[in-house]
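# A look at the structure
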Amino acid sequence: QRHRGIVSDLLLRLLRRDFHARATGLGLTPALARLLFNVHRHPGSRPSELAALLDVTPVTLGRMLDRLARRGYVRCGPDPSDRRAQCVQLAPRAAPIIERMTAIGVLTTARATRGFSARERAQLLALLGRLQANLGRDAAA
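The paragraphs below set out a description of the structure included in this document. In this text the structure is predicted, and so the values were computed from the model without any measurement.

### So, helix α2 (residues 30-41)
- The end-to-end C-alpha distance of α2, which contains twelve residues, comes to 16 Å, matching closely the 16 Å that a straight helix rising 1.5 Å per residue would cover.
- Considered for burial, the residues of α2 that qualify are Leu32, Ala33, Leu35, Leu36, Asn38 and Val39.

What follows is the structure, encoded as structure tokens:
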């Protein structure tokens, strides 16, 4: 069990390192890049939801959002379903950075799966999808 955790942690670190080595020209820290991409993937999320996705405290996430907002990459506004809550959206200025991050992700994925057949890549994605579905369920299950 312990070895599997070490391997998955190492794999995640290697993927992130490859991505961020390619993304140095974006002018974002790795944490800010992850946040910006998650705002792109989950538009209209509440800050508390983004904090949970990134495994950071709400205070830390608030500071990160402030930095992205000052650069004009995100904006916060009222949640249409609950006026007491805030939602985070990408600002138009973030579009070129998201495009670049997406292209970098494609390169990182291509490097990571080099030598895999199309069938093996499809099988890997299917297995990872099952892992995600399993882990996305209640932790007590």
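Let us keep going from here.
### Focus on unusual backbone geometry
- Of note, Asp55 is a non-glycine position whose phi angle comes to about 60°, a positive value.
- Turning to its location among the elements, Asp55 is positioned in the loop between α3 (47-54) and α4 (58-70).

### What to know about the packing of α2 against α4
- Taken N-terminus to C-terminus, the directions of α2 and α4 make an angle of 85°; their axes are 10 Å apart at the nearest point. Judged by the inter-axis angle, α2 sits roughly perpendicular to α4. The segment α2 lies against α4, with Ala31, Leu32, Leu35 and Leu36 engaging Leu61, Met64, Leu65, Arg67 and Leu68.
- When its residues are assigned to classes, the contact of α2 with α4 shows eight nonpolar, no polar and one charged.

### What to know about the nonpolar core
- Leu28, Leu35, Leu36, Leu68 and Met101 are the most contacted members of the largest nonpolar core, which has 24 residues in total.
- Elements with a contribution of two residues or more to this core: α2, α3, α4 and α5 (95-112).
- No other element matches the five residues that α2 contributes to this core.
- Apart from the residues lying within four places of it in its own chain, the contact partners of Met101 are Phe19, Leu26, Ala33, Leu36 and Phe37.

### A word on the environment of Pro96
- Positionally, Pro96 belongs in helix α5.
- Accessibility expressed as a relative area gives 53% for Pro96, which makes it exposed.
- Put simply, Pro96 and Leu26 are 70 residues apart on the chain and 10.0 Å apart in space, counted from C-alpha to C-alpha.

### Some words on the pattern of salt bridges
- What the rule picks out here adds up to five salt bridges.
- We note a salt bridge from Asp82 to Arg84, for which the minimum N-O separation is 3.1 Å.
- For Arg84, a relative accessible area of 74% puts it in the exposed group.
- In the salt-bridge network here, residues are joined through shared partners; they are Arg46, Asp79, Asp82 and Arg84.

### Topic: α5
- The end-to-end C-alpha distance of α5, which contains 18 residues, comes to 26 Å, matching closely the 26 Å that a straight helix rising 1.5 Å per residue would cover.
- All of the buried residues in α5 are Ile97, Ile98, Met101, Ile104 and Thr108. Along α5, the residues classed as buried sweep out an arc of 125° about the axis, all on the same side. Projecting away from the buried face of α5 at angles above 90 degrees are the exposed residues Pro96, Glu99 and Val106.

About the thresholds
Residues numbered from 1 in each chain as written. Predicted model: local features only at pLDDT ≥ 70, side-chain atom pairs only at ≥ 80, totals over all residues. Heavy atoms only, no water. Helix = DSSP H or I, 4+ residues; strand = E, 2+ residues; numbered from the N terminus. Expected span 1.5 Å × (residues − 1). Buried < 20%, exposed > 50% of the residue type's maximum accessible area, 1.4 Å probe, protein only. Axes fitted to C-alpha atoms, helices over the stretch in contact; angles between N-to-C directions. Parallel < 35°, antiparallel > 145°, perpendicular 65-115°, else oblique. Contact = heavy atoms within 4.5 Å. Nonpolar A, V, L, I, M, F, W, Y, C, P; charged D, E, K, R; others polar. Core = buried A, V, L, I, M, F, W, Y, C linked by side-chain atoms within 4.5 Å. Salt bridge = Lys/Arg side-chain N within 4 Å of Asp/Glu carboxyl O. Arc of directions from axis to C-beta.

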